[in-house]
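Report on the structure
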Amino acid sequence: MIGRVAIAALCVCGLTGCLPQPVPATGRLTPAQGLARGHSPSVSHRADGTVLVDGVPFFPFGFYHVSWAERGTSQQRQEDVRKIGGGGFNLMVTEPINDQDAAGYGAFLDTAQRSGVYVMTYGLSPAAAKTVEHYPAVLGFQLADDSNVLVTPAEIRQRHQAIKAVAPSKLTYISLAVGYDRPERQYFGVSDMVGNQSYPIGRDDISVTYPVMQSAVQSALARNTVPLANLQTFGWRRGQAPNEVELRNMTYQALMAGVKGIVYYAYRSREVDLNHEPRLWNTARQLAREVAVLSPALLGGERVELADGTGTRPLVVRFRGPGGDYLLALNNSRTDRREVQLQLPDAPRRLCSLSGPRKTLRLQGDRLTGRLAPLEVVTYRLEETRSTLPVFDFLLRFLSRC
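Summarised in this report is the structure supplied together with it. Everything numeric in this text was worked out from a predicted model, so none of it was measured. (Residues numbered from 1 in each chain as written. Predicted model: local features only at pLDDT ≥ 70, side-chain atom pairs only at ≥ 80, totals over all residues. Heavy atoms only, no water.)

Some words on the side chain of Arg77
You can see Arg77 is positioned in helix H3 (residues 74-86). Taking the relative accessible area as the measure of exposure, Arg77 reaches 1% and is therefore buried. The contacts of Arg77, once residues within four sequence positions are left out, are His65, Ser67, Met92, Thr94, Ile97, Asp101, Tyr105 and Phe108. (Helix = DSSP H or I, 4+ residues; strand = E, 2+ residues; numbered from the N terminus. Buried < 20%, exposed > 50% of the residue type's maximum accessible area, 1.4 Å probe, protein only. Contact = heavy atoms within 4.5 Å.)

Here it is in structure tokens:
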């Protein structure tokens, strides 16, 4: 009998035309090579909102962190950044740092570099930013939080210009909250990056995430800005933090809207400490593995909305490009099942499951059908070719998730 390892070797050697790509058991969103080499990277962004680190497309995926929250310390921040890097994430955004944090900030940035994590720092003056901008882990600087409540666009632009004067090769970042009838377009284009906050659990319907992220993406791309999603890991009241299903659903709504990075609030804050939330932390780690597979298509692929998630419709989006051809589908209802009945513009040969139950959706010719349970999320790679040897194609189907 031919073993699984032998079959895999035959596939790699080119005897088959389709090697399914299940989500690896381990993996990470690898930072650009400059972080590993230990030099200060040049960070910029493309017109499509993609961050470039030394010219390489980069999908920021990580956490806010408030090191002094709940009696935290600078040492706690260093321990947490190691866990964040070890969990497969590549970004930490600090909330305002205090004098104790600032005193040992260079050591923290060195720890972040060794952990494979870039840092976006909030609370540094331009003079202080100049003293740390050469550290390899520095991606950029946060200028304002809750911007559309606390500061004006003119003030943000002034802060942006002041930081760019001392750190021209780093990015600037703000956060805000876009609403249905409040796109806040005046806040896009005054910094390099905008993180849009969507924190519905305990206050709103989970389905709001997709339309508000769509709004932010549209405003960002119209004004040469990187659109990020700020998503919720905390509870507005104790015991109301998102559960694992809700976290997955919100994350995929944001990805399907076209954001070019995700920052969860928070790994550590007054409201939540993921050191004490193992289920939520493990779900986030699994999401990091999935995004590691999807990120080339998310950054460089064509995005096509096949169903918009309104009314009784599911949300279905396809990303297709050099990074692969992927179909993402979810149900944003907490109570009702959603039927998928779609005709694809072409007829891929098969669906290879990346996450979710393998047979939730089915493909017959160019017809995609199936049923999604409440809040269910499924992701597939669309494969165009079959094996040239039928026996190997059958075995690949049996051994993989195709």
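Topic: the packing of H3 against helix H5 (residues 105-115)
Running from N to C, H3 and H5 cross one another at 15 degrees; their axes reach a closest spacing of 9 Å. In terms of orientation, H3 and H5 fall into the roughly parallel class. For the pair H3 and H5, the sense of crossing is right-handed. Note on element contacts: H5 touches H3 through Tyr105, Ala107, Phe108, Thr111, Ala112 and Ser115, opposite Arg77, Gln78, Val81, Arg82 and Gly85. Its residues assigned to classes, the contact of H3 with H5 comprises 5 nonpolar, 4 polar and 2 charged. (Axes fitted to C-alpha atoms, helices over the stretch in contact; angles between N-to-C directions. Parallel < 35°, antiparallel > 145°, perpendicular 65-115°, else oblique. Left-handed = near helix turned anticlockwise from the far one by under 90°. Nonpolar A, V, L, I, M, F, W, Y, C, P; charged D, E, K, R; others polar.)

Quick look at the sheet that holds strand S3 (residues 56-58)
As summarised here, the arrangement of the 3 strands in space is S1-S2-S3, forming an open sheet in which the pairing is antiparallel. The open sheet terminates on both sides in strands that have one partner only, identified here as strand S1 (43-45) and S3. Across the sheet, the axes of successive neighbouring strands diverge by a mean angle of 40 degrees, strand direction being ignored. Relative to strand S2 (residues 51-53), S1 runs antiparallel, the two sharing 3 bridges. Counted as the bridge partner of His45 is Val51 from S2. (Pairing = 2+ DSSP bridges.)

Concerning the packing of aromatic side chains
Tallied over the full model, the rule gives 16 aromatic pairs. With centroids separated by 5.3 Å and ring planes inclined at 80 degrees, the aromatic side chains of Phe58 and Tyr118 adopt a geometry described as edge-to-face. Taken as a pair, Phe58 in strand S3 and Tyr118 in strand S6 (residues 118-122) lie far apart in primary sequence, 60 residues in all. Tyr118 matches Phe58 in its accessibility class, with the two residues each being buried. When the ring of Phe63 is compared with that of Phe89, the centres are 4.8 Å apart and the planes differ by 70 degrees; the resulting orientation is edge-to-face. Taken together, the residues Phe63 in strand S4 (residues 61-65) and Phe89 in the loop between H3 and strand S5 (91-94) connect sequence positions 26 residues apart. What makes Phe63 buried here is its relative accessible area of 0%. Residue Phe89 is classed as buried on the basis of its relative accessible area, which comes to 0%. One aromatic cluster is present, built from ring pairs that chain together Phe59, Phe61, Phe63, Phe89, Tyr264, Tyr267 and Trp281. Sitting above the plane of the Phe108 ring, Arg77 keeps its charged end 4.9 Å from the centroid. In this arrangement the basic side chain of Arg203 is found over the ring face of Trp236, its NZ or CZ atom lying 3.6 Å from the centre. (Phe/Tyr/Trp six-rings, centres within 6.5 Å; stacked < 30°, edge-to-face > 60°. Lys NZ or Arg CZ within 6 Å of the ring centre and 35° of its normal.)

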